[in-house]
Amino acid sequence: MTTATSALTAVTHDRLANAVRFLAADAVQKANSGHPGMPMGMADVATVLFTKFLKFDPLEPKWPDRDRFVLSAGHGSMLLYALLYLTGYEDVDIEQIKAFRQMGARTAGHPEYGHAAGIETTTGPLGQGIATAVGMALGERMMNARFSDAAVDHHTYVICGDGCLMEGISQEAISFAGHLKLNKLIVLWDDNGISIDGKIEIASTEDQIARFQAAGWAAARVDGHDPAAIEAAIAAAQTSDKPTLIACRTVIGKGAPTLCGSHKVHGAPLGEAEIAAAREACGWASAPFEVPEDVLDAWRLAGAKGSGLRMAWEARMSFLSADKAEEFQRLHENLMPRGWKRAVNAHKAALFAAKPKVATRKASQDVINVLAREIPELVGGSADLTGSNLTKADTQTAVAPGDYAGSYIHYGIREHGMAAAMNGLALHGGLIPYGGTFLVFTDYLRPALRLSALMGVRVVYVMTHDSIGLGEDGPTHQPVEHLASMRAMPNLLVMRPADAIETAECWAAALEQDNRPSVLALSRQNLPTLRAAHTDENLCAKGAYVVAEAPAPRAATLIATGSEVALAVEAAKALNAEGVATAVVSMPCWELFDEQPESYRDAVLGETGTRVAIEAASGFGWERYVGRDGGIVAMPGFGASAPAEELFAHFGFTVENVVRTVKSRLVR
């Protein structure tokens with residue numbers, strides 16, 4: 001036994017766990033806001049995990065081969081913050097604990113990725129954490145297949161609650177993880193039988209053990225306050241050939257004499273009297289925010305153990321080939337490979353020469369074929385719509401249970417789980433995920449998409465069948481409000497390219513975003529190539545540009561996206577023939593355009609004449625570009641079931657209607 005281990009074991013488990021309990025209770029009390037019950041109830045489980053199993057190094061918190069820990073039950077954030085402080089993470093000192101839930105503190109109400117080292121993902125919306133962890137666990141296996149056990153060999157641990165398991169996304173996640181046999185994923189369920197409304201049995205009586213086993217998991221029950229039983233269960237899980245659920249039967253708010261075991265301790269401070277009584281009951285004599293020196297030293301030793309493991313990993317890495325080591329370092333630093341932009345520009349030049357008339361979903365697949373050869377970390381997938389989304393490159397092979405060497409993932413009909421897993425893949429590092437479904441089904445994945453934006457991770461959402469142009473499937477499948485809804489989301493790029501060249505540029509722009517996700521809204525129907533001249537410059541990266549300038553000072557400017565840009569070009573020809581000097585602007589991405597200098601925006605939109613926007617979607621938001629006197633040709637409501645050509649005519653997406661709309665504005 002080492003000196004460090006001896007010093008750690010000299011402090012009893014109960015005292016180590018009570019340090020977690022009372023830091024959590026005191027911080028919630030000081031903030032007069034928060035959730036003390038879960039941290040107090042899971043303190044025993046977390047103490048065993050962090051002192052005996054979790055592989056991490058607070059001095060090098062981004063060490064690539066660290067274990068990942070996800071607090072899916074994010075409302076219990078003080079559990080995580082207490083653990084980070086106790087184990088010695090510089091970002092979370094005692095002042096941060098005291099500032100819990102206060103303006104500017106790293107210790108936000110729910111764990112937020114990027115606020116402090118040791119927070120692997122943003123959690124709080126229940127179910128997102130466990131689903132994101134599935135992506136992390138898959139990322140570990142995929143990177144392991146590329147670089148060997150020497151470089152990548154770690155576990156992903158999750159603490160989740162009843163709420164996480166009741167949310168629908170959890171079923172998608174556990175089903176997918178079980179199917180893929182992600183055996184290095186270990187979920188510790190806080191089985192306390194309590195929710196906000198009261199006992200869990202008022203709303204849920206299912207057998208979670210049987211549920212997980214049916215999905216291909218190993219599952220076990222333990223007393224969540226018996227450290228030996230917890231240790232044995234985690235040790236067994238580490239040897240399983242399946243992902244593992246450990247149901248930890250706990251008492252919510254353990255240590256609080258009159259409130260423990262009650263929903264009253266879930267989401268409110270204990271109160272000074274209850275905390276004082278808890279201190280007496282647990283034999284914890286320290287004042288608020290004070291941890292006895294020997295207990296803090298023991299916790300710091302637990303954190304320090306990871307440095308030796310990290311140094312051993314560094315020694316193993318020295319035996320990798322030079323090429324492998326260089327590639328691993330590039331991926332760890334989140335650097336793109338050399339030459340990929342040249343390949344995109346060569347593809348653009350070929351498109352300009354060929355001037356294809358193709359659906360932008362097919363143009364996207366053509367770009368993916370180019371990118372997959374140049375960017376080995378690009379990982380694709382689809383929610384059971386590969387043949388419709390056209391998301392698979394010719395060179396990609398599929399990931400399969402036990403075989404993780406591929407770079408394409410069949411997510412099944414699990415849109416929400418797919419999006420969360422892509423977040424996990426991106427957060428794990430070393431991979432750039434993209435995934436496809438129909439644009440209308442962003443409704444199914446929106447909470448995970450929102451977390452992509454909130455965390456600022458590079459995930460590319462390939463959303464096809466972007467309008468009434470999908471035709472006969474009708475209004476259930478025709479997105480109308482979706483573009484406006486996503487454009488309202490902060491830190492998200494929504495791109496709707498007009499042709500094959502714009503599609504290539506939008507893909508390039510999306511991949512250059514290392515701090516935000518992108519949505520590519522792509523057509524089902526064929527669209528003509530519109531670009532008048534080839535340029536290596538990425539015009540779509542500016543958000544909007546002039547496709548066709550007016551032959552004289554502008555009397556009108558038509559602004560359109562996607563399939564409606566071609567309509568705008570034809571309408572401008574008719575208007576120019578009638579003496580109405582009209583320019584056409586393609587605006588594939590509002591967000592990128594809004595980031596351009598004012599002088600550029602004014603030049604593109606024109607400072608004279610009227611403006612008319614054209615988009616086969618809700619017109620909501622276009623007022624900012626056309627002004628009070630401008631016009632908007634947009635969908636008046638939901639679509640209908642008919643051939644695409646008939647739908648466009650029926651809803652006014654015709655040259656005649658655009659011309660009429662422009663002229664009606666000219667006489668004002």
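Rules used in this analysis
Sequence order as written defines the numbering, with residues in each chain counted from 1. Side-chain atom pairs in this predicted model are given and counted only at pLDDT of 80 or more, local residue features only at pLDDT of at least 70, and totals for whole chains, interfaces and linings cover all residues. Just so you know, side-chain values use all the structure's heavy atoms and leave hydrogens and water out. A pairing counts as a salt bridge when a side-chain nitrogen of Lys or Arg comes within 4 Å of a carboxyl oxygen of Asp or Glu. Numbering of helices and strands starts at the N terminus; helices are DSSP runs of H or I of at least 4 residues and strands are runs of E of at least 2. With a 1.4 Å probe rolled over the protein chains alone, any residue whose accessible area is under 20% of its type maximum counts as buried; one over 50% counts as exposed, and the rest are partly exposed. Only Phe, Tyr and Trp rings are paired, with Trp represented by its six-membered ring, and only when their centres lie within 6.5 Å; those with planes under 30 degrees apart are stacked, over 60 edge-to-face, the remainder tilted. Criterion for a charge above a ring: Arg CZ or Lys NZ at most 6 Å from the ring centre, at most 35 degrees from the ring normal. We call a set of buried Ala, Val, Leu, Ile, Met, Phe, Trp, Tyr and Cys residues a nonpolar core when their side-chain atoms join them within 4.5 Å. Lines are fitted to the C-alpha atoms to define the axes, a helix being fitted only along its stretch in contact, and any angle between axes, read from their N-to-C directions, falls within 0 to 180 degrees. Angular relationships are summarised with four words: roughly parallel below 35 degrees, roughly antiparallel beyond 145, roughly perpendicular across 65 to 115, and oblique for the angles in between. In what follows, residue pairs with any heavy atoms lying within 4.5 Å of each other are defined as contacts. The residue classification treats Ala, Val, Leu, Ile, Met, Phe, Trp, Tyr, Cys and Pro as nonpolar and Asp, Glu, Lys and Arg as charged. All others, Gly included, are polar. When we speak of the arc, we mean the arc of directions from the helix axis to the C-beta atoms. Both site types are read off a 1 Å grid over the protein atoms alone. A 1.4 Å probe that fits but cannot get out defines a cavity, while an open set with protein on both sides within 12 Å along at least five of seven lines defines a pocket; lining residues have an atom within 4 Å of a point. Grid points are joined across faces, edges and corners, and a volume is the space filled by probe spheres set on the points. By this rule the span expected of a helix is its residue count minus one, scaled by 1.5 Å. At least two bridges found by DSSP between two strands are what make those strands a pair.

Visitor: Explain the pattern of salt bridges to me, and be specific about the residues and the numbers.
Guide: Where charged atoms of side chains with opposite charge meet at close range, the side chains can pair. The final tally for this structure, using the stated rule, is 30 salt bridges. Asp-466 is paired through a salt bridge with Arg-496; the nearest N and O atoms lie 2.8 Å apart. Residue Asp-466 is located in the loop between strand 12 (460-464) and helix 20 (482-487), and its partner Arg-496 is located in the loop between strand 13 (493-495) and helix 21 (500-511); the two are separated by 30 residues in the primary sequence. In this structure Arg-496 comes out as buried when scored by relative accessible area, which is 0%.

Visitor: Which residues make up the packing of aromatic side chains, and what are the values?
Guide: Counted by the stated rule, this structure contains 19 aromatic pairs. Aromatic pair Phe-147 and Phe-328: ring centres 5.2 Å apart, planes at 85 degrees, arrangement edge-to-face. Of this pair, Phe-147 sits in helix 7 (residues 128-147) while Phe-328 sits in helix 14 (residues 322-332), and the two are 181 residues apart along the sequence. With respect to class, Phe-147 is no different from Phe-328; both count as buried. A ring pair is formed by Phe-648 and Phe-653, whose centres lie 6.1 Å apart and whose planes are at 90 degrees; its orientation type is edge-to-face. The pair formed by Phe-648 and Phe-653 is uniform in burial state, with each residue classed as buried. By way of ring pairs, the aromatic residues Trp-590, Phe-593, Tyr-600, Trp-622 and Tyr-625 are connected into one cluster. The ring of Tyr-85 is capped by Arg-300, whose NZ or CZ atom sits 5.2 Å from the centre of that ring. Across the ring face of Phe-147, the terminal group of Lys-324 is positioned such that the distance to the ring centre comes to 5.1 Å.

Visitor: Residue-level account of the nonpolar core, with values.
Guide: Of all hydrophobic cores here, the largest spans 73 residues; its most connected members are Leu-138, Met-142, Leu-185, Trp-217, Ile-409 and Tyr-461. Looking at this core element by element, the count peaks at 10 residues for helix 7. Residues Ile-368, Trp-622, Ala-642 and Phe-651 belong to the second largest nonpolar core, which totals 72 residues.

Visitor: Explain the packing of helix 4 (residues 43-53) against helix 13 (residues 293-317) to me, and be specific about the residues and the numbers.
Guide: Contact pair helix 4 / helix 13: the axes reach a minimum separation of 8 Å and the direction vectors enclose 50 degrees. Comparing the axis directions of helix 4 and helix 13 gives the class oblique. For the pair helix 4 and helix 13, contact is made by Thr-47, Phe-50, Thr-51 and Lys-52 and by Trp-299, Ala-302 and Lys-305, respectively. Class assignment for the residues of the contact of helix 4 with helix 13 results in three nonpolar, two polar and two charged.

Visitor: Break down helix 24 (residues 598-605) for me, with residues and values.
Guide: When we look at burial in helix 24, the residues that qualify are Tyr-600, Val-604 and Leu-605. Along the long axis of helix 24, the arc covered by the buried residues comes to 120 degrees, so they all point the same way. Among the exposed residues of helix 24, those oriented more than 90 degrees off its buried face are Glu-598 and Ser-599. Where helix 24 is buried, its residues meet strand 16 (545-548), strand 17 (556-560), strand 18 (582-586), helix 23 (590-594), strand 19 (610-618) and helix 25 (623-626). Once helix 24 finishes, Gly-606 follows within two positions and takes phi at roughly 85 degrees, a positive value.

Visitor: Just give me the short version of empty space enclosed by the protein, but keep the residues and values in it.
Guide: Throughout the structure, instances matching the rule amount to four cavities of 30 Å³ or more. Approximately 90 Å³ is the volume found for the largest cavity. Lining the largest cavity, in full, are Phe-50, Leu-54, Phe-56, Pro-61, Arg-66, Asp-67, Phe-69, Leu-80, Leu-84, Tyr-89, Gly-118 and Glu-120. Of the residues that constitute the lining of the largest cavity, the class distribution is eight nonpolar, one polar and three charged.

Visitor: Talk me through the layout of surface pockets; I want residue IDs and the actual numbers.
Guide: Picture a little ball the size of a water molecule; that probe, rolled over the atoms, points out where space is still empty. Taken as a whole, the largest pocket spans an internal volume of roughly 560 Å³. In this structure, the largest pocket is lined by 24 residues; those nearest its centre are His-332, Ala-426, Leu-427, Gly-429 and Gly-430. Mapped onto the lining of the largest pocket, the elements with two or more residues apiece are helix 14 and helix 18 (415-428). In terms of residue class, the lining of the largest pocket is made up of 12 nonpolar, six polar and six charged. Space inside the second largest pocket adds up to approximately 380 Å³. Every residue lining the second largest pocket is counted, 18 residues in all, and those nearest its centre are Gln-525, Leu-527, Ser-563, Glu-645 and Phe-648. Of all elements in the fold, only strand 15 (526-527), helix 22 (564-577) and helix 26 (644-650) reach the threshold of two or more residues within the lining of the second largest pocket. Here the lining of the second largest pocket is composed, by residue class, of eight nonpolar, five polar and five charged.

Visitor: An account of helix 27 (residues 655-666) is needed here, citing residue identities and associated values.
Guide: Here helix 27 spans 17 Å end to end across 12 residues, near enough to the 16 Å set by a 1.5 Å rise per residue. Turning to helix 27, its buried residues number three or more, namely Asn-657, Val-658, Val-659, Thr-661 and Val-662. As for helix 27, its buried residues are in contact with strand 17, helix 22, strand 19 and strand 20 (631-635).

Visitor: Provide a residue-level description of the sheet that holds strand 14 (residues 518-522), including the pertinent values.
Guide: Strand order in the open sheet formed by six strands is 10-9-11-12-14-13, with parallel pairing between adjacent strands. Both outer strands of the open sheet, strand 10 (408-410) and strand 13, are each paired with one neighbouring strand and no more. Pairwise comparison of adjacent strand axes, ignoring direction, gives a mean angle of 20 degrees for this sheet. With five bridges connecting them, strand 11 (residues 432-438) and strand 12 associate as parallel partners. Across the sheet, the residue bridging to Gly-436 is Val-462, located in strand 12. Running over the sheet, helix 16 (residues 360-374) touches strand 9 (378-382), strand 11, strand 12 and strand 14 and is turned about 130 degrees from strand 14.

Visitor: Quick one: what's the story with the sheet that holds strand 3 (residues 185-191), residue by residue and with numbers?
Guide: Strand order across the open sheet formed by five strands is 1-2-3-7-6, with parallel pairing between neighbours. Edge strands, defined here as strands with exactly one partner in the open sheet, are strand 1 (68-71) and strand 6 (218-223). Across this sheet, the average inter-strand angle for adjacent strands is 15 degrees, counted without regard to direction. The pairing of strand 6 with strand 7 (residues 244-249) spans six bridges and is classified as parallel. Looking at strand 7, one finds that Arg-221 is bridged to Ala-247. Against the sheet, helix 4 engages strand 1, strand 2 (156-160), strand 3 and strand 7, with an angle of about 170 degrees to strand 2.

Visitor: Account for the side chain of His-155, naming residues and giving values.
Guide: On the secondary structure map, His-155 appears in the loop between helix 7 and strand 2. In this structure His-155 comes out as buried when scored by relative accessible area, which is 10%.

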